[in-house]
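Here's the letter readout for the chains.
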Amino acid sequence: SPSAKLLELTALIEGLGPLVTTQMVRAFVAIAAANEESAGVNLADFGNRLGLPSSTRTRVVQALSVKRGGNGKFPGLDLVLTAEDPHDARALIVFLTPKGRRFWAALKSALS
């Protein structure tokens, strides 16, 4: 039923931790969907698609990464990782971690 699916989805998201925001979930879904189409997504491109300013997309990706915060000392969710774009050293590409791929699969499974 739709209610059961919604409860399953919310339980999955709550399982990530108490500090997860809807903006983080929205960004993760956009990154995960883009990673299905190609290996990695350009940070600026994904942010522009979601209408996120540069500072916001950086903060959200840091929270979704292994470490977050200005100096990286706070734990993140370990759902994504970033790497330098081989075609543009000023750009970052965002990939899913193994945990991110498992979480994406669980979200999609909850919807089917």
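Our subject is the structure listed above.
Notes on the structure in this doc start here. (Residues numbered from 1 in each chain as written. Predicted model: local features only at pLDDT ≥ 70, side-chain atom pairs only at ≥ 80, totals over all residues. Heavy atoms only, no water.)

On to the pattern of salt bridges, then. Summed over all chains, the structure comprises two salt bridges. Here glutamate 36 makes a salt bridge to lysine 108, at a shortest N to O gap of 2.4 Å. Of this pair, glutamate 36 sits in helix H2 (residues 22-37) while lysine 108 sits in helix H5 (residues 98-111), and the two are 72 residues apart along the sequence. Looking at lysine 108, the relative accessible area reads 37%, which means it is partly exposed. Residues aspartate 88 and arginine 90 are paired through a salt bridge, measuring 3.2 Å at the closest nitrogen-oxygen approach. (Salt bridge = Lys/Arg side-chain N within 4 Å of Asp/Glu carboxyl O. Helix = DSSP H or I, 4+ residues; strand = E, 2+ residues; numbered from the N terminus. Buried < 20%, exposed > 50% of the residue type's maximum accessible area, 1.4 Å probe, protein only.)

Below, the discussion takes up H5. Counted at 1.5 Å a residue, the expected span for H5 with its 14 residues is 20 Å, and the 20 Å between its end C-alpha atoms agrees. Looking at H5, one finds that the buried residues are Gly100, Phe103, Trp104, Leu107 and Ala110. Across the axial projection of H5, the buried residues extend over an arc of 125°, all falling on one side. (Expected span 1.5 Å × (residues − 1). Arc of directions from axis to C-beta.)

Here we have three strands laid out as an open sheet, ordered E1-E5-E4, and antiparallel in their pairing. The sheet terminates laterally at strand E1 (41-42) and strand E4 (80-85), the two strands that pair on one side only. In this structure, E4 lies alongside strand E5 (residues 88-96), joined through six bridges in antiparallel fashion. Note on E5: the bridge partner recorded for alanine 83 is isoleucine 93. (Pairing = 2+ DSSP bridges.)

A separate point is the packing of aromatic side chains. All chains considered together, the criterion is met by two aromatic pairs. Of the aromatic side chains, those joined through ring pairs into one cluster are Phe28, Phe103 and Trp104. (Phe/Tyr/Trp six-rings, centres within 6.5 Å; stacked < 30°, edge-to-face > 60°.)

Let us look at the packing of H2 against helix H4 (residues 54-64). For the pair H2 and H4, interaxial distance at closest approach is 10 Å and the crossing angle is 85°. Judged on the interaxial angle alone, H4 and H2 are roughly perpendicular. Here Gln23, Met24, Ala27, Phe28 and Ile31 of H2 lie close against H4, whose contacting residues are Thr56, Arg59, Val60, Val61, Ala63 and Leu64. When its residues are assigned to classes, the contact of H2 with H4 shows eight nonpolar, two polar and one charged. (Axes fitted to C-alpha atoms, helices over the stretch in contact; angles between N-to-C directions. Parallel < 35°, antiparallel > 145°, perpendicular 65-115°, else oblique. Contact = heavy atoms within 4.5 Å. Nonpolar A, V, L, I, M, F, W, Y, C, P; charged D, E, K, R; others polar.)

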